[in-house]
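Given next are the chains, with one letter for each unit.
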Amino acid sequence: MSGTSVKKQRNRGQVAASYIAKVAMLSALSFVLYLLKFPLPFIFPPWLELHFSDFGAVIAGFALGPIAGCAVAVIRVILKLLIMGTSTGFIGELGDIIIGLSFVLPASLIYKYNRTKKGAVIGLITGGAASVLGAVISNRFLLIPFYGNLMGMDALVGAMRGLFPNIAADTFYNYYLWISVVPFNVIRVTVIIIVSLITYKHISRLFGKF
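The structure reproduced in this document is the subject of the present report.

Each value, and the rule that gives it
- Residues numbered from 1 in each chain as written.
- Predicted model: local features only at pLDDT ≥ 70, side-chain atom pairs only at ≥ 80, totals over all residues.
- Heavy atoms only, no water.
- Phe/Tyr/Trp six-rings, centres within 6.5 Å; stacked < 30°, edge-to-face > 60°.
- Helix = DSSP H or I, 4+ residues; strand = E, 2+ residues; numbered from the N terminus.
- Buried < 20%, exposed > 50% of the residue type's maximum accessible area, 1.4 Å probe, protein only.
- 1 Å grid on protein atoms, 1.4 Å probe; cavity = no way out; pocket = protein on both sides within 12 Å on 5 of 7 lines; lining within 4 Å.
- Points joined across faces, edges and corners; volume = space filled by probe spheres on them.
- Nonpolar A, V, L, I, M, F, W, Y, C, P; charged D, E, K, R; others polar.
- Arc of directions from axis to C-beta.
- Salt bridge = Lys/Arg side-chain N within 4 Å of Asp/Glu carboxyl O.

## Things to note about the packing of aromatic side chains
Turning to step 1, where the next piece is worked out: Summed over all chains, the structure comprises 10 aromatic pairs.
Turning to step 2, where the next piece is worked out: Ring plane angle 85 degrees and centroid distance 5.4 Å describe the contact between F44 and F184, whose orientation is recorded as edge-to-face. Note that F44 is positioned in the loop between β1 (38-39) and β2 (49-50) and F184 in helix α7 (residues 172-207), a separation of 140 residues in sequence. Just as F44 is buried, F184 falls in that class too.
Turning to step 3, where the next piece is worked out: With 5.3 Å between their ring centres and 40 degrees between their planes, F164 and Y175 make a pair best called tilted. Taken as a pair, F164 in the loop between α6 (153-160) and α7 and Y175 in helix α7 lie far apart in primary sequence, 11 residues in all.

As structure tokens, then:
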């Protein structure tokens, strides 16, 4: 084997090791942000907990590419399951993966082919909108059916009656999806978009140094 071939293999190994290290760091950041959940009980149902862990996945997608971003969105959930387990029969975690991938995949794909500030803005807004839609779909077809079977829909309706006195079983989704899930997730993605736009270039330059 020639010296050039050995050098190329060594360089490829260094690039791969650097890539894995960066994904691991952003996964750790995303995991920590994933644990820092908090409700807004006077505005939204108490089981809707706000967190900004998609930030780490978005930065990974912008700095390292869509595959890295999607990997971070999944790894943070796997870490949570390994350390803390699940209280939702894995349904809540599946919903978080869907919502996270809905954000990072379109955002990072758009930015990959238009690596400008405008591309970043378009990607983030598109990803944010897709993530809100993913949250609506996840709640409608995964989370609420699961909790409805577990607790009974009457219990869910009762839990929301303090916020919406006129809510009933037949109007539950009208109140929950459009007055709770949508604005709640708009707040979530707006914060992530703003912070990502402020920081992604700085983080990318930092990553470029190693």
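Additional details are given in the paragraphs that follow.
## With respect to the layout of surface pockets
Turning to step 1, where the next piece is worked out: The calculated volume of the largest pocket comes to roughly 590 Å³.
Turning to step 2, where the next piece is worked out: K37, W47, E49, G92 and D96 are, among the 27 residues lining the largest pocket, the residues nearest its centre.
Turning to step 3, where the next piece is worked out: At the level of elements, α1 (3-35), α3 (66-84), α4 (91-112), α5 (117-151) and α7 are the ones that each hand at least two residues to the lining of the largest pocket.
Turning to step 4, where the next piece is worked out: Residues of the lining of the largest pocket, tallied by class, amount to 12 nonpolar, seven polar and eight charged.

## Observations regarding α6
Turning to step 1, where the next piece is worked out: Looking at α6, one finds that the buried residues are L156, V157 and M160. The arc enclosing the buried residues of α6, seen along the axis, measures out at 100 degrees, which places them on a common side.

## Focus: unusual backbone geometry
Turning to step 1, where the next piece is worked out: In this structure, F90 takes a positive phi of about 75 degrees despite not being glycine.
Turning to step 2, where the next piece is worked out: Relative to the helices and strands, F90 resides in the loop between α3 and α4.

## Here's the deal with the pattern of salt bridges
Turning to step 1, where the next piece is worked out: With the rule as written, the count across this model stands at four salt bridges.
Turning to step 2, where the next piece is worked out: The residue K37 makes a salt bridge to D96 at a minimum N-O spacing of 3.7 Å. Highlighted residues: K37 in the loop between α1 and β1 and D96 in helix α4, separated in sequence by 59 residues.
Turning to step 3, where the next piece is worked out: Take K37: its relative accessible area is 30%, and that puts it in the partly exposed class.

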